[in-house]
Amino acid sequence: MHRSIWIFGLTRADGSLAHRANGVDRLVPLLFLVSAGLLVGGVSLPIVSVTRFFFFTENATILGAITSLFDAGEYLLAATIAVFSVVFPSLKIIVADFVWRGRGVGHAGAETGLRTLDVVGYWSLLEFLVVALVVFSAKASGLADASSQPGLYLFFGAVVTSMAGVLRLKAAYQRHRS
């Protein structure tokens, strides 16, 4: 029998990993919940602060950059940043929760979810590396001074906790599949 699911919800499918979890595996949903919270902070808080000519300081957020690019007519760039910084990380958390709670081990939906996690997971650190390169290039150019801000570390934390959760999820899946 299949029960309905809810993201980070209270219900779980019979035979799902959430239904079978024991020990440390019971903490997997907590990793995804923490990752979701860190992601919200990471995209909404400043990720970099750029100071030019010692007086002019700008703080950049991921959501602010997407909005500014969209307003400037840079739709492709805005969409690219939105997909890799907001959509993919969010999708990873949602799909992981679906695999954890929504389908039984061995179900075709769970298998598809695991393949989706593999594809989305390839892009996990891309945004963090791009921002790190921006900070480095601004400092190296001498035209501006850039420093990382809390949003960058929150975003990095979201990536790391979701990666840890997915690794735990995959290990549990393999264990229960055998």
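Fair warning: this is a prediction, and the values are worked out from it, not measured in the lab.

Each value, and the rule that gives it
- Residues numbered from 1 in each chain as written.
- Predicted model: local features only at pLDDT ≥ 70, side-chain atom pairs only at ≥ 80, totals over all residues.
- Heavy atoms only, no water.
- Helix = DSSP H or I, 4+ residues; strand = E, 2+ residues; numbered from the N terminus.
- Buried < 20%, exposed > 50% of the residue type's maximum accessible area, 1.4 Å probe, protein only.
- Contact = heavy atoms within 4.5 Å.
- Expected span 1.5 Å × (residues − 1).
- Bend = angle between axes of the 7 residues up to and from the residue.
- Axes fitted to C-alpha atoms, helices over the stretch in contact; angles between N-to-C directions.
- Parallel < 35°, antiparallel > 145°, perpendicular 65-115°, else oblique.
- Left-handed = near helix turned anticlockwise from the far one by under 90°.
- Nonpolar A, V, L, I, M, F, W, Y, C, P; charged D, E, K, R; others polar.
- 1 Å grid on protein atoms, 1.4 Å probe; cavity = no way out; pocket = protein on both sides within 12 Å on 5 of 7 lines; lining within 4 Å.
- Points joined across faces, edges and corners; volume = space filled by probe spheres on them.
- Core = buried A, V, L, I, M, F, W, Y, C linked by side-chain atoms within 4.5 Å.
- Phe/Tyr/Trp six-rings, centres within 6.5 Å; stacked < 30°, edge-to-face > 60°.

Colleague: Can you break down the overall build of the protein residue by residue, with the values?
Modeller: Assigned secondary structure in the protein consists of 7 helices and 3 strands. For the protein, the N- to C-terminal ordering of α and β elements is α-α-β-β-α-α-α-α-β-α. Per-residue burial over the protein gives 37% buried out of 178 residues. Contacts spanning at least 24 positions in sequence make up 71% of the contacts within the protein whose residues lie at least 6 apart.

Colleague: Lay out helix 4 (residues 75–102) in plain terms, naming residues and giving numbers.
Modeller: With 28 residues, helix 4 extends just 35 Å between its outermost C-alpha atoms, more than 12% less than the 40 Å of an ideal straight helix rising 1.5 Å per residue. A maximum bend of about 40° is found in helix 4 at valine 83. Those residues of helix 4 lying buried are Ala78, Ser85, Pro89, Lys92, Ile93, Val95, Ala96, Asp97, Val99, Trp100, Arg101 and Gly102.

Colleague: How would you summarise the packing of helix 2 (residues 28–44) against helix 4 if you had to cite specific residues and measurements?
Modeller: How two helices sit against one another is set out by the angle between their axes and by the gap between those axes. Relative to each other, helix 2 and helix 4 sit at 165°, their axes nearing to 10 Å. One way to sum up the angle between helix 2 and helix 4 is to call them roughly antiparallel. Considering how the two elements wind past one another, helix 2 and helix 4 form a crossing that is left-handed. Counted together, Val28, Pro29, Phe32, Ser35, Ala36, Leu39 and Val43 of helix 2 and Ser85, Val86, Pro89, Ser90, Ile93, Ala96, Trp100 and Arg101 of helix 4 form the full contact between these two elements. Considered class by class, the residues forming the contact of helix 2 with helix 4 number 11 nonpolar, 3 polar and 1 charged.

Colleague: Requested: an account of empty space enclosed by the protein, with residues and values cited.
Modeller: Using the criterion set out here, one finds 1 cavity of 30 Å³ or more in the structure. By volume, the largest cavity is sized at about 110 Å³. For the largest cavity, the lining is made up of 14 residues, of which Pro89, Lys92, Ser124, Val159 and Ser162 are closest to its centre. The set of elements that each furnish at least two residues to the lining of the largest cavity consists of helix 2, helix 4 and helix 7 (150–177). With 5 residues, helix 4 is the single largest residue contributor to the lining of the largest cavity. Counted by class, the lining of the largest cavity contains 10 nonpolar, 3 polar and 1 charged residues.

Colleague: Got a sec to walk through the nonpolar core? Specific residues and values, please.
Modeller: Core analysis: the largest hydrophobic core is formed by 32 residues, its most contacted members being Leu17, Phe32, Trp100, Leu117 and Leu169. Those elements that place two or more of their residues in this core are helix 1 (17–20), helix 2, strand 1 (48–52), helix 3 (62–71), helix 4, helix 5 (108–121) and helix 7. Sorting elements by how many residues they give to this core places helix 7 first, with 8 residues. When sequence neighbours within four positions are dropped, the list of residues in contact with leucine 117 reads Lys92, Val95, Ala96, Val166 and Leu169.

Colleague: Outline the packing of aromatic side chains, supporting the account with residue identities and numerical values.
Modeller: Under the criterion given, the structure shown has 2 aromatic pairs. Residues phenylalanine 70 and tyrosine 75 carry aromatic rings whose centres are separated by 5.0 Å and whose planes lie at 70° to one another, so their mutual orientation is edge-to-face.

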